[in-house]
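Tertiary structure, described
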Amino acid sequence: PRFPQALSEAHNLPAGQVLELLEQRIAALSRNGACLAADENLAKAREVPRRFWIDVGYQQHQIQAELTWLEALRTELQDESLPWPNVSHTQQPLIDTFQH
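None of these values were measured; they are calculated from a predicted model.

Section: the overall build of the protein chain
- Regarding its fold elements, the protein chain presents four helices and zero strands.
- When the elements of the protein chain are put in sequence order from the N terminus, they spell out α-α-α-α.
- In the protein chain, which comprises 100 residues, the share counted as buried stands at 33%.
- Contacts in the protein chain between residues far apart in sequence, at least 24 positions, make up 83% of those at least 6 positions apart.

Okay, structure coming up:
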C-alpha cells in the first residue's frame, strides 16, 4: 500500500511538511467518510437490506480508525511529543505518494 510506504519515509521531510500532508490525508478521508454516510442514508431510505451494503459499514470503520490514528500523530507532531528533526530537502515522489 502506498500510504504506509509514505509514512515509512516521512522522516525524510520536515515536520511542517508532514503536518501539511497529514491534514490533506485527513481532509480526503473525511470527505470519503461523508460520502459513505450519504450512501448509508440512501440505502436506509430506500429500505435496501443491509446485507447488500455491509461493505459501507466496513469502509466507515476503516476510515474512522485511520482518522483516529492520523489525528493522534498530528497532535504528537504539533505538541512535539514526537521528536522530529528538521530536514532541509524535500522529496516530491514521497509527497505525491502521501497524498494518495
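Examining the packing of aromatic side chains
- For the structure on display, the rule yields zero aromatic pairs.
- Directly above the ring of Phe3 sits Arg25, whose terminal nitrogen or CZ lies 3.8 Å from the centroid.

Thoughts on the pattern of salt bridges
- All chains considered together, the criterion is met by three salt bridges.
- In this structure, Arg74 engages Glu23 in a salt bridge whose closest nitrogen and oxygen atoms are separated by 3.1 Å. Of this pair, Arg74 sits in helix α3 (residues 54-78) while Glu23 sits in helix α2 (residues 15-45), placing them 51 residues apart in sequence.
- Measuring nitrogen to oxygen at the nearest pair gives 2.8 Å for the salt bridge that ties Arg25 to Glu66. Highlighted residues: Arg25 in helix α2 and Glu66 in helix α3, separated in sequence by 41 residues.
- The exposure class of Arg25 is buried, given its relative accessible area of 13%.

Some remarks on α3
- Between its first and last C-alpha atoms α3 spans 36 Å; for 25 residues at 1.5 Å apiece the expected length is 36 Å, and the two agree.
- Restricting attention to buried positions, one finds in α3 the residues Val56, Gly57, Ile63, Leu67, Leu70, Leu73, Arg74 and Leu77.
- Of the surrounding secondary structure, the elements contacted by the buried residues of α3 are α1 (2-9) and α2.
- A positive backbone phi angle near 60 degrees is found at Glu80, which sits one or two residues after α3.

Things to note about the packing of α2 against α3
- Relative to each other, α2 and α3 sit at 155 degrees, their axes nearing to 9 Å. With respect to α3, the element α2 is oriented roughly antiparallel. Between α2 and α3 lies a crossing whose hand is left-handed.
- When the residues that make up the contact of α2 with α3 are grouped by side-chain class, the tally is 13 nonpolar, six polar and six charged.

Here is what the cut-offs are and how they apply
- Residues numbered from 1 in each chain as written.
- Predicted model: local features only at pLDDT ≥ 70, side-chain atom pairs only at ≥ 80, totals over all residues.
- Heavy atoms only, no water.
- Helix = DSSP H or I, 4+ residues; strand = E, 2+ residues; numbered from the N terminus.
- Buried < 20%, exposed > 50% of the residue type's maximum accessible area, 1.4 Å probe, protein only.
- Contact = heavy atoms within 4.5 Å.
- Phe/Tyr/Trp six-rings, centres within 6.5 Å; stacked < 30°, edge-to-face > 60°.
- Lys NZ or Arg CZ within 6 Å of the ring centre and 35° of its normal.
- Salt bridge = Lys/Arg side-chain N within 4 Å of Asp/Glu carboxyl O.
- Expected span 1.5 Å × (residues − 1).
- Axes fitted to C-alpha atoms, helices over the stretch in contact; angles between N-to-C directions.
- Parallel < 35°, antiparallel > 145°, perpendicular 65-115°, else oblique.
- Left-handed = near helix turned anticlockwise from the far one by under 90°.
- Nonpolar A, V, L, I, M, F, W, Y, C, P; charged D, E, K, R; others polar.

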